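# Descriptive structure summary
So you can see what is in the structure, the chains are spelled out below.
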Amino acid sequence: MIPLKISIVTPSYNQAEFIEATIRSVMHQDHDDVEHIVIDGGSTDGTTAVLKKYAHLHWVSEKDSGQSNAINKGFARATGDVVAWLNSDDYYEENVFGAVADYFRSHPDCMLLYGNITFVGRDGRPLYSITGDTIDYDALIACPDIVRQPSFFWRREVITEVGGVDENLHLVMDFDFLLRIGKKHRFHFVNRNLSYYRYYRDNKSLSQARRQTVEICRVYAKNGIGLNRRNARYLAGKVARTFVLGPAGSALRRLLGRPAETS
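Residue indices begin from 1 for each chain and proceed along its sequence in written order. Reporting of local features is limited, given that this is a predicted model, to residues whose pLDDT is at least 70; pairs of side-chain atoms are given and counted only at 80 or more, and all residues count toward the totals for whole chains, interfaces and linings. With hydrogens and water excluded, all non-hydrogen atoms of the structure serve as input to the side-chain values.

### Here's the deal with a nonpolar patch on the surface
As a reminder, the rule being used: Two distance rules govern patches: like charges are joined within 9 Å, and nonpolar side chains (Val, Leu, Ile, Met, Phe, Trp, Tyr) within 5 Å, applied only to residues with over 30% relative accessible area and no salt bridge. Calculation of accessible area relied on Shrake-Rupley with a 1.4 Å probe; when residues are assessed, cover is drawn exclusively from the protein chains displayed. Counted as salt bridges are all cases of a side-chain nitrogen of Lys or Arg within 4 Å of a carboxyl oxygen of Asp or Glu. Each helix corresponds to a stretch of at least 4 residues labelled H or I by DSSP, and each strand to a stretch of at least 2 residues labelled E; elements are numbered beginning at the N terminus. Three labels apply to residues, based on accessible area from a 1.4 Å probe with only protein chains included: buried if under 20% of the type maximum, exposed if over 50%, partly exposed otherwise in between.
On the surface, Leu 127, Tyr 128 and Tyr 199 cluster together to form a nonpolar patch covering roughly 270 Å² of accessible area. Its location among the elements puts Tyr 199 in the loop between strand E9 (188–198) and helix H8 (204–207). Overall, Tyr 199 belongs to the partly exposed group, its relative accessible area being 35%.

### Digging into the nonpolar core
Short version of the rule: To define a nonpolar core, start from buried Ala, Val, Leu, Ile, Met, Phe, Trp, Tyr and Cys residues and group those joined through side-chain atoms within 4.5 Å.
By size, the foremost hydrophobic cluster in this structure holds 41 residues, and its most contacted members are Phe 75, Trp 85, Trp 154, Phe 175, Phe 177 and Phe 187. Within the second largest apolar cluster, 19 residues are counted, among which are Ile 6, Val 26, Val 100 and Leu 113.

### Considering helix H1 (residues 19–27)
Let me state the cut-off plainly: As used here, the arc is the angular range of directions from the helix axis to the C-beta atoms. In what follows, a contact means two residues having at least one pair of non-hydrogen atoms within 4.5 Å.
Listed in full, the buried residues belonging to H1 are Ile 19, Thr 22, Ile 23, Ser 25 and Val 26. For H1, the angular spread of the buried residues around the axis is 160°, confining them to a single face. Contacts from the buried residues of H1 go to strand E1 (6–12), strand E2 (34–40), helix H2 (47–52), strand E5 (91–92) and helix H4 (97–106).

### Things to note about the environment of Lys 5
Structurally, the position occupied by Lys 5 is in the segment before E1. Those residues within four positions of Lys 5 in sequence are excluded, and the remaining contacts are Asp 33, Glu 35, Thr 79, Gly 80, Asp 81 and Val 82.

### Section: the confidence of the model for the protein chain
The test is simple: One number per residue, pLDDT, summarises how confident the predictor is, and it ranges from 0 to 100.
Residues of the protein chain with pLDDT of at least 70 account for 89%, and the chain-wide mean is 90. A low-confidence stretch, residues 244–249 (pLDDT under 50), is modelled with 14 contacts involving residues beyond four sequence positions or located in other chains. In the model, residues 256–263 has pLDDT below 50 throughout and makes 13 contacts with residues more than four positions away in sequence or in other chains.

Below you can see the structure in the form of structure tokens.
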């Protein structure tokens, strides 16, 4: 069997409530060669006490400039053939790394793999699942919300090819990162639940929806993506759910000034 090492990068800041479940989900896998890197931003809530309990972890706790900076620090330390990032309040399905590794071994052309995802509440109670082979470059442009970030894995050379996450983005860096990969590579799919995403009021993406909308507009602009009917409808709906006259509305109006695509 071809050896294959998996590196998991976890950015963390004051997530003592959840991080042990995150760590244990990486441990409870059916693949032996796994590296777990935790980049903590100098937590003061007891997170480091949890980290110290697990001798296998590669971790640091120091000030950084935010989650994106922490992710890139982790990417720079990763030595695996396959890399993923798992936020400190999310967790993996048990015994799925074996299937991920087998897929990469049997599909040497695969640079990026994703699977299904289950959204759970703060207490881990299942809310709903998103399944199916539905994500590609065009679909991401039309609806950035379809990103299943903790259920994505990619070969490490992808980071060298497209760069790490954009440290100027704090809410949709995953969307931008996957867009850059999608320009070059097809997304492969394995029909298994791979991860659990905690969805609760303090969750960053949920609590900062307005700022997220502004960042999505910035990602479209930086990647040279104009508006078409699908993503214009998406943005209009997102702005309507947040606010129309504030920064997100202004960003949308500026983007609307770009030449529209015909498709």
